[in-house]
Structure formats: C-alpha cells, structure tokens
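Read off the chains here:
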Amino acid sequence: VHLSKFVHLSKFTDDPKKLNQWVTQWLINQLRELLTVLEKLFSLVFKPVNPFDFEAQEDYENYVRDNEYRTLNGELVKGYQELIIANWLCRNGIEYQYEAPYKSKRRIAEGVDYKPDFYLTEADIYLEHFGVDRHGKTRPDIDRQKYNQEMELKRNLHRECGTKLIETHHYDWVEGKLEQRLEQLMRENNVKLQPLTNDELLEKLNNSDLISTLAEVLYKSLQAIRTEQLNSDGISARLAQLDNQHANWCAAFLTRLHQSYQEALREENAIDFDDMILQAQAVIQQQRFKPKWRHILVDEFQDISAARLGLVKTLIKHGPNPTMTAVGDDWQSIYRFSGGKLEITTRFGEYLGTHSLTKLDKTFRYNNSIADTAGNFVMENPEQYKKQVETHTKVSNPQVYLLDTLIAGKPDPAGKVAKIIQAIREHAPEDSIAIICRYNYLLNDVRENLKHDAELQDGQLKNINYWTFHKSKGLEADHCILVGFFQGKVGFPNENKGHYIVETLLPTLDSFKHSEERRLFYVGLTRARKKSYLVADPHGMSAFIKEILTPKYDIAISSERFREKFQEIFKCPKCTNGYLKRHQGQYGAFYRCTTGNGCSVRPRVCSACGSPTIDHWFHSICNNPDCRGETPICDKCGRPMKQREGRYGKFWGCTGYGIKDDQCRHTRKWLP
Ligand SMILES: [Zn+2]
Ligand SMILES: [Zn+2]
Ligand SMILES: [Zn+2]
C-alpha cells in the first residue's frame, strides 16, 4: 500500500447520489461497445430463471409478481424466455404485439379469452412459446396432460381460423438454441430480418428504463464488492454460485467496474471508507504502526462487516495482548445491505475464539407484553441468541394491538391511524406518538393524509414522529403505530428477495425465512414505552400478521376481521358447532371441544404456532390453515414419533420406547 500524506476522503463518500451518477456515466460511456453482448448484459439485470425449477405454483407466482421482466420496447412480459423472444424480435426489426387478443373470440381455456404470446403484425403470424420439454413435460405445478391438450387445441383453432401459428419451446431455451430457432422460423416463413442499426438500438436503450435499472444493479454491486473487499477471483467465485451461463462475463464486467472505480479514486487522490479500513490494517501489518491499546471496545457489534472484523483482529494481534469487549444486540441486526454480517455475532466463538458472554436482559423502556411478543417473534429464528427479557414495567393485559385498515368496510390505513391518534389523545394529550413504516413512500402518504384529516383537532398532531423501521432504531415513543403490513415486494415483510447479483455479492444471510425483516419488525415493535398498534391489511395478509395471529402470542385483537380469522383456528373440524378450548393439564396444555362428551377430539398444542393440532393415524395436523404443521405420531399408541438413527440409517421411533409399564417399541420407515 502506498500512502500519500495528502490523501483525502472521496467525494463519493458524502453523497450516494454522486456514486450513482458516476456508475451511470461509466455505463453510458461504453454502451456502444456493449451492443454486441446485449444478451449478456441483460442477464445482469434479469435473472435467467428456469420456470421448471419452481416446485409450487405459489413460488412461481410470487417470483413473477416480484421480478419485472421488461423488454427493449418497454412491455412487461411473464418470464425470461419471453423476454429473449421479444428482444430478439425487436432487435431484428420485426414488429410484434405481446399477448394481443386473437382475431376470434373462441375460448380454449375456462374463463379466459385466448391471447397468443406474440403476434407479428406485418407478417400476420402468431407465435406461441410453449413451456414444455422434449417429452412434453411441464412446470411441476402445471397439469401436464391438460397443458398438452391445450397446445393441441390452440393448433386446431389456428387451423380452423386459417391463421398461421409458429412455435418455440422451453427446451429451445434450455438447449441454448432459442434465438437460432427464431431465426430458422423467420426464414421458413419468409419474414425479413431488418436488424436495427447501432444508433437505432442505442436510442431504444436510452428511451427504456434499462439504463437506470442496470446502473442501480451496478451501483449496489459495487458497494457490496467494496464492503466485502472482493477481488476479481472473489467476484468470480460468488457469481459462479449462480445459475447464469454468462456468469464469467458478468464477473469480468463487474471487475472492470471495480477497477475503474479505484482509478477514479486515485485520480482525485482520494480514499473511501473501505480503503480506510484496508489501509489501516496494512499499515499495522507492515509494522509501520504499533497499536498500544490495552482495551478495545466495539459497539453495535451486530452490524460489523467482515472487513471491520479483520481490522479489529489485526489490532489485537499486533497490540500488547489487549482485551476486547463487544457490545451488540443480534436481535437488531438490520444493516446487511451495508456489509453487516450477523453470524460474526451469533457465531462469535467461531470467529474470535474463547470468550465469556453476558446477556443484558433487563429493559427499562417497554413492558412485559411488548417484550414477550417481540422477543418470542424474533427468537423463532434459531440463529438468534435465546434470552428472556425482564421488564421494569409489568402489565397484566396485552399492550400490542392488532387493527385492520378498514374504515366503513374500505381500506384506509391513514384514516385508521387518525382514529388511533384520536383515541390516544383522549387520555394522553401530551404523550409522544411515532408512526413507523417499512417504506418512505408509505410514511409520506400517511403524513400527508393526516395533515388534511378533517376529524383531527388542533393540537392532536403535536408530538408525532414519522420513522421508517430502519430509522427507528435507537429511538422511542410512548405509543407506536406500525403501518403497512401486507403481502408483496413493497409490503412487510418485504417479499422481494433482492437482486440476484447483488444478493450473491453481499454477506451471507442467515437462512431463516424473512430473517432480517423479522429483526426489523422486532426493532419497530420495541420502540414503544406503552403501547404498540399494528395496522394490517385484512386481505393479502402479511406473513407476519398470520404468524402473530396465533395462540402463541398474547395480543389484543381490535378488529372484527382478524378476530374471525383467529377463531377459525379453533373451529372443531369433527363436529358441527364445537370450538376447541385450551386447557392446562398435569402433563402440559391440551385442547378440548366445547361440545363436551359428544365430541371426542383431544387436540394437542402445535409446537410451531400453539394452535390445536388434530390427530390422524400417522400424523397430527395443525388446525391453523396458515400453519398446517405436521407432527408424526405413533399409529399404535398416539405418542409422538422421534427421529432415530440405527445401524441401517434413520427411522421413526415411538417416544413410548422404554416407558415403564406401558412401553411401545413401534418404529416406522424413514420417509423424509
Ligand atoms: Zn368437536
Ligand atoms: Zn400450527
Ligand atoms: Zn407407540
């Protein structure tokens, strides 16, 4: 490392917009050269997913919902393969319409008009891209026979109506021959290719959103490369984990971006924060500086990055045998996007060796109701440390309220917030209130609506704070109103997985579903000194609300809709009118039907959600439609079965094994 004495902090560090602009300019400068490798460039923006890889329909639907495939012409198409077809047609000067209505109104599938995938307007030809492999197999969630029948029906329809149909297939793409196939089809049907000139193509690109989308991906990738301190080998290794045939090209392209960035820093004789860490570490390693600190304290340890940990370890190694104290809260680790690597905290020993651990488990801010709800919720993730938080303030009733967004039957989240504020102000005109949202757009929306809400009186909007979940960390208010619980990529939990290239460059994430969003919810929920209000959408229910609406959590349900939903869990499936009520028995909790002796069900308590689970012969199945957790039970005696390992591998064994007087030695074959 060469260090100049007059080096200064880069202009990129004080304004993220400047870096974004620089990346955009870098991209635009070489756009002309990139025209020859457009498919490779596109694979940087759009993940080349194989629809056959999705096991459940829901997964595929969510994927399509959360990942936009936008063509050069600007239309939204259903998948990566359609994107390739559309862009190929566009680049070859063939005019088309995507999913235009067919000339005949005759229907093929139940309830929908027939819309061929593409209509080549000038040539008057229809193009269907069939999702089948060479053997007629379809996506796992699609009825193969029905799909193949529909293919036949489509062909017949075109024959009868005298229209020309050409076909491409999923397997053309799998075999890497989709574009070849298109070329062949055009030749066979005398469709002239008139490839766009470079200037025309550039104009298309400039008029599309592609440049800004691509620049955003590059910008985030560059940040991840910096905080993770990846060199070209590191970038290649990360991208090799992806299912992208252009991974090598993408890695080389990102490496070039990184090198250009480093040159830009050199040109302004500047360093950024990542350089600071790297260079500080190098100076110590080269023994040009000898650390003398005997005590090292790292605060907010849960957000530490691999690079920062490297510096800390270097300080320790070259110092006078110092002690180190790390203070952190793994439940509040929410900065992965800026390099935070949670497992350095949760697997402290693996990274730093022998240590002693002190759990801070007393809070003076919130009460036991909020502590239990938030704590149990975050501890669902097995990666988090387990602890029971003691609260200074004790209450006997739940202080977490669940409300829906409906006012007079119509969704109006801001209106509901106004009602809550009015209710709070009746008893506590001076208390502080915070409104917390996952996204700024929602926060601004609520704020604007409250300003113009005619029902709110003067002074009621006094002492109100507006925070995003991220910004709320470290802050507190007497009452917190959490808004924006619904499904989707701008909902909460945010179901967008993040861009696939950026994701693979960022630090590894603990694998539990919605793990960081879960911690974010914990942070938001624990901002309140007195009460937390959750305002949730009753339609398209957020996964978090489904979870919190189970007997495992003791919350106050102030919504008819949610109360009905909650009670569904307890409807007895074995008789007409009974409800399952929880009892505390000598051997733990169990449920019993209110019908009494007329109904003999004795549900257990679901270990996942606390709802009643109903015994069948081989399994007990949770009565909560959103859980449906299955517990294997013994078909001889009804006790739970346990996974055992024997001479011939795994098997299920009855937990009645070895019990005095009523032992059950029943076993079952292991079926994962
Ligand atoms: Zn019953
Ligand atoms: Zn359950
Ligand atoms: Zn048994």
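Now for a quick tour of the structure. (Residues numbered from 1 in each chain as written. Chains lettered and ligands numbered in written order. Predicted model: local features only at pLDDT ≥ 70, side-chain atom pairs only at ≥ 80, totals over all residues. Heavy atoms only, no water.)

### Description of empty space enclosed by the protein
Take a probe with the size of a water molecule and roll it over the atoms, and the empty space left behind shows itself.
Step number 1: Using the criterion set out here, one finds two cavities of 30 Å³ or more in the structure.
Step number 2: In terms of lining, the largest cavity is formed by Met-541, Lys-546, Leu-549, Thr-550, Lys-565, Glu-568, Ile-569, Asn-624, Pro-625 and Asp-626.
Step number 3: Across the lining of the largest cavity, the residue classes break down as four nonpolar, two polar and four charged.
Step number 4: Roughly 40 Å³ of internal volume is contained in the second largest cavity.
Step number 5: Lining the second largest cavity, in full, are Leu-31, Leu-38, Leu-41, Phe-42, Leu-205, Leu-210, Ile-211 and Leu-214. (1 Å grid on protein atoms, 1.4 Å probe; cavity = no way out; pocket = protein on both sides within 12 Å on 5 of 7 lines; lining within 4 Å. Points joined across faces, edges and corners; volume = space filled by probe spheres on them. Nonpolar A, V, L, I, M, F, W, Y, C, P; charged D, E, K, R; others polar.)

### What about the coordination of the zinc ion (ligand 3)?
Step number 1: For the zinc ion (ligand 3), the protein coordination sphere consists of Cys-634 (SG), Cys-637 (SG), Cys-654 (SG) and Cys-664 (SG), at 2.2 to 2.3 Å.
Step number 2: For the zinc ion (ligand 3), the four donor atoms in the first shell make angles of 95 to 116° at the metal, a pattern classed as tetrahedral.
Step number 3: Every donor residue of the zinc ion (ligand 3) comes from the same chain, spaced as C-x2-C-x16-C-x9-C.
Step number 4: On the basis of relative accessible area, Cys-634 is assigned to the buried category, the value being 2%. (Donors = N, O, S within 2.8 Å, 3.2 Å for Na, K, Ca; no water. Tetrahedral: all angles 85-135°; square planar, octahedral: opposite > 155°, others 65-115°. Buried < 20%, exposed > 50% of the residue type's maximum accessible area, 1.4 Å probe, protein only.)

### Re the packing of aromatic side chains
Step number 1: In total, this model carries 33 aromatic pairs according to the counting rule given.
Step number 2: Site record: aromatic cluster; members linked through ring pairs are Phe-377, Phe-469, Phe-485, Phe-492, Phe-521, Phe-544 and Tyr-553.
Step number 3: Sitting above the plane of the Tyr-60 ring, Arg-139 keeps its charged end 3.7 Å from the centroid.
Step number 4: Lying across the ring of Tyr-466, Arg-447 places its NZ or CZ 4.6 Å from the centre. (Phe/Tyr/Trp six-rings, centres within 6.5 Å; stacked < 30°, edge-to-face > 60°. Lys NZ or Arg CZ within 6 Å of the ring centre and 35° of its normal.)

### Concerning the coordination of the zinc ion (ligand 1)
Step number 1: Distances from the zinc ion (ligand 1) to its protein donors, Cys-572 (SG), Cys-575 (SG), Cys-593 (SG) and Cys-599 (SG), fall within 2.3 Å.
Step number 2: Between consecutive donor residues of the zinc ion (ligand 1), the sequence gaps follow C-x2-C-x17-C-x5-C. Of this pair, Cys-572 sits in the loop between α23 (560–568) and β21 (580–585) while Cys-593 is found in strand β22 (residues 588–593), placing the two residues 21 residues apart along the sequence. Accessibility classification places Cys-572 together with Cys-593 in one group, the buried group. (Helix = DSSP H or I, 4+ residues; strand = E, 2+ residues; numbered from the N terminus.)

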